[in-house]
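Structural characterization, general
What follows is the residue order along each chain.
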Amino acid sequence: MDDRRRYDHATAELEPPFAILDLAAMRANAADLVRRAGGKPIRVASKSIRSRPVLERVLAMDGFRGVMAFTLPEALWLAGHGFTDILVAYPTADRHALAALAADAEAARQITVTVDSAAHLDFIEHAVQGAGPRAELRLCLDVDAGYVALGGRFRAGALRSPIRQPEDAADLAAEIAKRPGLRLVGLLAYEAQIAGVGDAPRGQAAYARAIRLMQARSARELIVRRGRVVNAVRQFAELEFVNGGGTGSVELTVREKAVTEVGAGSGLFHPRLFDFYRRFTGRPAALFALPVVRRPRPDVVTVLGGGYPASGSAGPSRLPQPYLPAGLRYAPDEGAGEVQTPLLGQAAQDLRMGDRVWFRHAKAGELCERFDALHLVEGDKVVETVPTYRGEGRTFL
Ligand SMILES: Cc1ncc(COP(=O)(O)O)c(C=O)c1O
């Protein structure tokens, strides 16, 4: 049975819109990530999953260890549900959540918060002041892993941490060591320009060559600098982990001796933006179905909803991909609509009222902000329906 027939069959009793997760596809994607990680553990990026039961399934698989969470309230919630070893990989300015963390010795043992400046340390200390007996807080130092060339005139990578050189990292590590109640346990350096930028963009040969050159140079530079940063920081702290990478860079990141683990999540769902890499291929695992509701012209069908663009620099690449049946495309003036989405193309002619069109999101976990549940598909059956974060009433961003 082809995938479209299989998904239609599995979900015949459901009314779209709804979202599914193809478990066999996710398992295959997980196995490939683990193979690429070459024995180093993968910390699962919860932003790319956003469903507690799915996170549990991932962590039950060999090769995955720990959670990379995106907010402290999320981490506290996960810890309250028994998750352990949770790194909040983005700084927090949530005073209440910091106070709650300091007041909860068990959560404070499981959660690590990320800092990149003395201002963060001051903020944390201020937030937890006067909270009565307080637990020691575990900190992770975020280091800029971007690529800089031409004397600083060219930069690729996410603008995250101001800490870039070993001396700066050592200074902050020394500052943390001086402050009672704070303990530096980890280091994080995310090379977005390799992990999150496809090196095989379609139909753009010159751009692809430029990306590959930039990524090769960046990887070479990082091997040296990340190693030096880690050595410098180790003079002031016993690091439990050094995290780097993401779905697009796993096999490159783990080559570095200084790196003890990789962070990754998107590769499990394999959304559209991850189709453009030479290093790996994945199977689309998370899909959503929208119903055909009208036919404005013989060659056009309109589906309900669909306007679920992904975050990032806006453009067509952020739109969901009409996936099955193959050969559908957006009307250029309308794109993916707020309430309805016209779809053009040969395949539209064979669709009838109530038929499903299956879409892939451009990114992974953001899909779960649109749907309460994921229907888990095994073969041609839905075997379980699990809530997303949204389905549990949790919107952390
Ligand atoms: C700190 C960090 N690590 C890793 C990743 C990669 O995550 P994924 O593999 O889910 O794309 C990201 C993504 O933005 C990130 O911010």
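For the structure given in this document, a descriptive report is provided here. These numbers come from a predicted model, not from an experiment. (Residues numbered from 1 in each chain as written. Predicted model: local features only at pLDDT ≥ 70, side-chain atom pairs only at ≥ 80, totals over all residues. Heavy atoms only, no water.)

1. Things to note about the pairing of strand 10 (residues 241-244)
- The side-chain alternation of strand 10 yields two buried faces, one formed by Phe241 and Asn243 and the other by Val242 and Gly244.
- Relative to strand 10, strand 9 (residues 182-189) runs parallel, the two being bridged by four bridges. Paired with glycine 186 across the two strands is phenylalanine 241, which belongs to strand 10.
- Bridge analysis of strand 10 against strand 11 (residues 261-264) gives two bridges, and the strand direction is parallel. (Buried < 20%, exposed > 50% of the residue type's maximum accessible area, 1.4 Å probe, protein only. Helix = DSSP H or I, 4+ residues; strand = E, 2+ residues; numbered from the N terminus. Pairing = 2+ DSSP bridges.)

2. Concerning the nonpolar core
- Ranked by size, the top nonpolar core spans 95 residues in total, and within it Leu21, Val54, Leu72, Ile111, Leu268 and Phe269 carry the most contacts.
- Excluding anything up to four places from it in sequence, isoleucine 111 contacts Leu72, Ala75, Leu76, Ala79, Ile86, Val88, Leu101 and Arg138.
- In this structure, Phe18, Leu287, Trp358 and Val377 belong to the second largest nonpolar core, which totals ten residues. (Core = buried A, V, L, I, M, F, W, Y, C linked by side-chain atoms within 4.5 Å. Contact = heavy atoms within 4.5 Å.)

3. Here we look at the site of the ligand
- Around the ligand, a shell composed of 16 residues is seen, among which Lys47, Ser48, Tyr90, Thr247 and Ser266 lie nearest.
- Take tyrosine 90: an N or O atom from its side chain is 2.6 Å from an oxygen atom of the ligand.
- Arginine 160 is positioned with one of its side-chain polar atoms (N or O) 3.3 Å from an oxygen atom of the ligand.
- For the ligand, whose accessible area on its own is 390 Å², the fraction buried by protein is 92%.
- A breakdown of the residues in the shell around the ligand according to their chemical character gives seven nonpolar, seven polar and two charged. (Near = heavy atom within 4 Å. Polar contact = N/O pair within 3.5 Å; in protein donor to acceptor, adjacent residues only side chain to side chain. Areas by Shrake-Rupley, 256 points an atom, 1.4 Å probe, with all protein chains shown as cover. Nonpolar A, V, L, I, M, F, W, Y, C, P; charged D, E, K, R; others polar.)

4. A word on the packing of aromatic side chains
- Counted under the stated rule, the structure contains 14 aromatic pairs.
- Taken together, a centroid distance of 5.5 Å and an interplanar angle of 50° make the contact between tryptophan 77 and phenylalanine 396 tilted. With tryptophan 77 in helix 4 (residues 72-80) and phenylalanine 396 in the segment after strand 19 (381-387), this pair connects stretches of sequence that are 319 residues apart.
- A centroid spacing of 5.4 Å and a plane angle of 5° characterise the contact between phenylalanine 274 and tyrosine 277, whose relative ring orientation is stacked. Neither residue differs from the other here; phenylalanine 274 and tyrosine 277 are each classed as buried.
- One aromatic cluster in this structure is built from Phe70, Trp77, Tyr389 and Phe396.
- The cationic tip of arginine 43 hangs over the ring face of phenylalanine 241; the distance from NZ or CZ to the ring centre is 4.9 Å. (Phe/Tyr/Trp six-rings, centres within 6.5 Å; stacked < 30°, edge-to-face > 60°. Lys NZ or Arg CZ within 6 Å of the ring centre and 35° of its normal.)

5. Here we look at the sheet that holds strand 6 (residues 137-142)
- Taken together, eight strands build a closed barrel; the order of strands is 2-3-4-5-6-9-10-11 and the barrel is parallel. When the angles between neighbouring strand axes are averaged without regard to direction, this sheet yields 30°.
- Taken together, the three bridges between strand 2 (residues 42-45) and strand 3 (residues 64-69) define a ladder with parallel strand orientation. Looking across to strand 3, one finds that isoleucine 42 is bridged to phenylalanine 64.
- Its contacts with the sheet place helix 3 (residues 52-59) against strand 2 and strand 3, and it is angled at close to 145° to strand 3. (Axes fitted to C-alpha atoms, helices over the stretch in contact; angles between N-to-C directions.)

6. As for unusual backbone geometry
- Look at the link from proline 16 to proline 17: it is a cis peptide, with omega at 5°.
- Counting through the fold element by element, proline 17 comes out in the loop between helix 1 (3-10) and strand 1 (18-22).
- A positive phi angle, near 55°, is found at arginine 50, a position not held by glycine.
- Along the polypeptide, arginine 50 turns up in the loop between strand 2 and helix 3.
- With a relative accessible area of 8%, arginine 50 lands in the buried category.
- Positive phi outside glycine occurs at leucine 150, with the angle close to 55°.

7. Examining the pattern of salt bridges
- Taken as a whole and judged by the stated rule, the model has 34 salt bridges.
- Here aspartate 85 ties to arginine 43 by a salt bridge, and the two come within 3.0 Å at their closest N and O atoms. Of this pair, aspartate 85 sits in the loop between helix 4 and strand 4 (86-88) while arginine 43 sits in strand 2; the two residues are 42 residues apart in sequence, bridging distant segments of the chain.
- Here arginine 43 falls in the buried class, since its relative accessible area comes to 1%.
- What you see here is one network of salt bridges that share partners, running through Arg36, Asp199, Glu251, Arg278 and Arg279. (Salt bridge = Lys/Arg side-chain N within 4 Å of Asp/Glu carboxyl O.)

By themselves, these are just geometric observations and shouldn't be taken as functional.
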